Amino acid sequence: MPLLHTLLHLPARLLYLALAVTAFCLLGFGLYLQHFQGLEPCPMCIMQRYAFLLVAMLALVAAGHGPGRTGSRVYAALIGLLALTGGGIAARQTWIQLFPPAIPECGPGLEFMLDSFPLGQALPMIFRGAGDCSIVDWTFLGLSIANWSLVSFSATVAFALWMLLRRERPASA
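A. How the structure looks around the overall build of the chain. From N to C terminus, the chain includes 7 helices and 2 strands. Counting from the amino terminus, the chain carries its helices and strands in the arrangement α-α-α-α-α-α-β-β-α. Residue burial in the chain is summarised as follows: out of 173 residues, 37% are buried. Sequence separation of 24 or more characterises 81% of the internal contacts of the chain that already satisfy a separation of 6 or more.

Structure follows, in structure tokens:
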């Protein structure tokens, strides 16, 4: 019980730092899968990355700021909204993976874009993502990347709700 009590009463600054580190690690793992395992992200994956990046940056700002009770709640509300947005995208991608459309909704593959368009036009398309959102190329414990993303965003929403509702001593750390 003392360990749980200690964890539940950590200063907001440390909790936001932990969230930022976690989100940056998730982004790093996504980049590892892309650049070292050859998994091309689809447009929905890219949008989820943006949501994780915004959550991570906001949590890092909150950790550096060391907000009081009101500030912590503002950060928590913003993080919760970002996580709900990312979670909505992850939920939609999960749905697409479970019930793939006859025609892929996410656009053409990388090779097609590079062969069909000049580099100046292909680069923005590549940045938006090239993979098919309905394809499951990787799983862990039976869950796809979109499923794990949904789990992660759900945990982030739970974190944000907890930060909104918790009682805290004034931030001093």
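B. Representation of the side chain of Gln 48 in the model. With respect to the secondary-structure elements, Gln 48 resides in helix α3 (residues 43–65). The residues touching Gln 48, leaving out its near neighbours within four places in the chain, are Gly 86, Ile 89, Ala 90, Gln 93, Ser 149 and Phe 153.

C. Structural context of the packing of aromatic side chains. Applying the stated criterion to the full structure yields 7 aromatic pairs. Ring centres of Tyr 16 and Tyr 75 lie 6.1 Å apart, and the angle between their planes is 65°; this geometry places the pair in the edge-to-face category. Taken as a pair, Tyr 16 in helix α2 (residues 12–35) and Tyr 75 in helix α4 (residues 69–98) lie far apart in primary sequence, 59 residues in all. Residues Tyr 16 and Tyr 75 agree in their burial class; the two are buried. Between Phe 29 and Tyr 32, the ring centres sit 6.0 Å apart and the planes meet at 25°, which makes this aromatic pair stacked. Of this pair, Phe 29 and Tyr 32 both sit in helix α2, 3 residues apart, which is roughly one turn of the helix. For Phe 29, a relative accessible area of 38% gives the class partly exposed. You can call Tyr 32 partly exposed: its relative accessible area is 36%. Members of the aromatic cluster, each reached through a chain of ring pairs, are Tyr 16, Tyr 75, Phe 159 and Trp 162. Taking NZ or CZ as reference, Arg 166 lies 5.1 Å from the ring centre of Trp 162, over its face.

Cut-offs and rules
Along every chain, residues carry numbers that run from 1 in the direction the sequence is written. For a predicted model such as this one, the threshold for reporting local features is a pLDDT of at least 70, and the threshold for listing and counting side-chain atom pairs is 80 or more; totals across whole chains, interfaces and linings nevertheless cover every residue. No hydrogens and no water enter the side-chain calculation; it runs on all heavy atoms of the structure. Secondary structure follows DSSP: runs of H or I at least 4 residues long count as helices, runs of E at least 2 residues long count as strands, and numbering of each begins at the N terminus. Note on classification: 1.4 Å probe, protein chains only; a residue is buried when its accessible area is under 20% of the maximum for its type, exposed when over 50%, partly exposed between these limits. Note on contacts: a residue pair qualifies if any of its non-hydrogen atoms lie within 4.5 Å across the two residues. Here is the rule: rings of Phe, Tyr and Trp (six-membered ring for Trp) pair when centre to centre is within 6.5 Å. Planes less than 30 degrees apart are stacked, more than 60 are edge-to-face, and the remainder are tilted. For a ring to carry a charge above it, either NZ of a lysine or CZ of an arginine must fall within 6 Å of the ring centroid while also lying within 35 degrees of the normal to the ring plane.

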